[in-house]
Amino acid sequence: SQKIEQNSEALNIQEGKTATLTCNYTNYSPAYLQWYRQDPGRGPVFLLLIRENEKEKRKERLKVTFDTTLKQSLFHITASQPADSATYLCALDRASGGSARQLTFGSGTQLTVLP
Amino acid sequence: DAGITQSPRHKVTETGTPVTLRCHQTENHRYMYWYRQDPGHGLRLIHYSYGVKDTDKGEVSDGYSVSRSKTEDFLLTLESATSSQTSVYFCAISGGAPGQGQTYEQYFGPGTRLTVT
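Values in this document were obtained by computation on a predicted structure and should not be read as measured data.

*Asks:* How should the packing of aromatic side chains be read in this particular structure?
*Replies:* Note on aromatic pairs: each is described by the distance of the centres and the angle between the planes. This structure, assessed with the given rule, holds 14 aromatic pairs over all chains. Taking the centre distance of 5.8 Å and the plane angle of 85 degrees together, the rings of Tyr36 of chain A and Phe108 of chain B count as edge-to-face. Placement of Tyr36 of chain A in strand β4 (residues 32-38) and of Phe108 of chain B in strand β10 (residues 106-108) is noted, with the two residues assigned to different chains. By relative accessible area, which is 3% here, Phe108 of chain B ends up buried. Each residue in the set Tyr36, Phe46 and Phe105 of chain A together with Tyr33, Tyr35, Tyr48, Tyr50 and Phe108 of chain B is aromatic and connected to the rest through ring pairs, giving one cluster.

Written out as structure tokens, the structure is:
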């Protein structure tokens, strides 16, 4: 079965530094990989999607890389701020019945940005 | 929360009772999903729908059934609730409206916290 591992359950960094989160997967070749942010008591919020033929995607202070050979995605937040503190989830994406998308989620990395 | 509501937001029920959770969207997205989220397991897909009356099983569908009689509503039913179904349940939508280009990101509702005693 598909397995997704996010490198650590918790990551603490100092404000202004770059946070790097890792997502590794096995037994699967996703067409897309997605990253979400989840705050306590809330539903996940979509951040970025990267396709299998894309190496890198950027959005403001966020950058995602996707290495299908290593079966790994890296998620970077540059110039991190305390407001970036949240749990970040990676999800593998594949088409399902009727072209719906099935997402398989990792268990998340809880990021804390210290002021 | 992208025009998605879930009801109820909190529920406590007893083992063996039936429970129905409702997801309502105002975005006219084609696809709807039910997930459960538990510590140590992350989000796991229960069932999904790719159209009115079209549904399929996800990773953890045992003990759950779903129905979608209208585009905007997706119901999740626990026929006979068990303590192992204590969890936070999230509904999600994706795909965009028919006639628009398909989108792949999912938009999640606020969640329902269900406790089975």
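*Asks:* Is there a simple way to explain the interface of chain A and chain B in this structure?
*Replies:* How big an interface is tends to be expressed through the accessible area that disappears when the partners come together. Opposite the 24 residues of chain A that make contact, chain B presents 19 residues. Carbon and sulfur atoms supply 56% of the area that chain A and chain B bury against each other, a total of about 1,700 Å² over both sides. Where chain A touches chain B, the interface holds 0 salt bridges. Our enumeration of links across chain A and chain B arrives at 3 residue pairs in polar contact (both at pLDDT 80 or more). Sorting the residues of the side of chain A that touches chain B by element identifies β4, β5 (45-51), β9 (86-95) and β10 (101-105) of chain A as the ones contributing at least two each. For the side of chain A that touches chain B, the residue count by class is 9 nonpolar, 11 polar and 4 charged.

Rules behind the numbers
- Residues numbered from 1 in each chain as written.
- Chains lettered and ligands numbered in written order.
- Predicted model: local features only at pLDDT ≥ 70, side-chain atom pairs only at ≥ 80, totals over all residues.
- Heavy atoms only, no water.
- Phe/Tyr/Trp six-rings, centres within 6.5 Å; stacked < 30°, edge-to-face > 60°.
- Helix = DSSP H or I, 4+ residues; strand = E, 2+ residues; numbered from the N terminus.
- Buried < 20%, exposed > 50% of the residue type's maximum accessible area, 1.4 Å probe, protein only.
- Contact = heavy atoms within 4.5 Å.
- Buried area = accessible area lost by both parts, 1.4 Å probe.
- Salt bridge = Lys/Arg side-chain N within 4 Å of Asp/Glu carboxyl O.
- Polar contact = N/O pair within 3.5 Å; in protein donor to acceptor, adjacent residues only side chain to side chain.
- Nonpolar A, V, L, I, M, F, W, Y, C, P; charged D, E, K, R; others polar.

Keep in mind that these numbers describe shape and distance, not what the molecule does.
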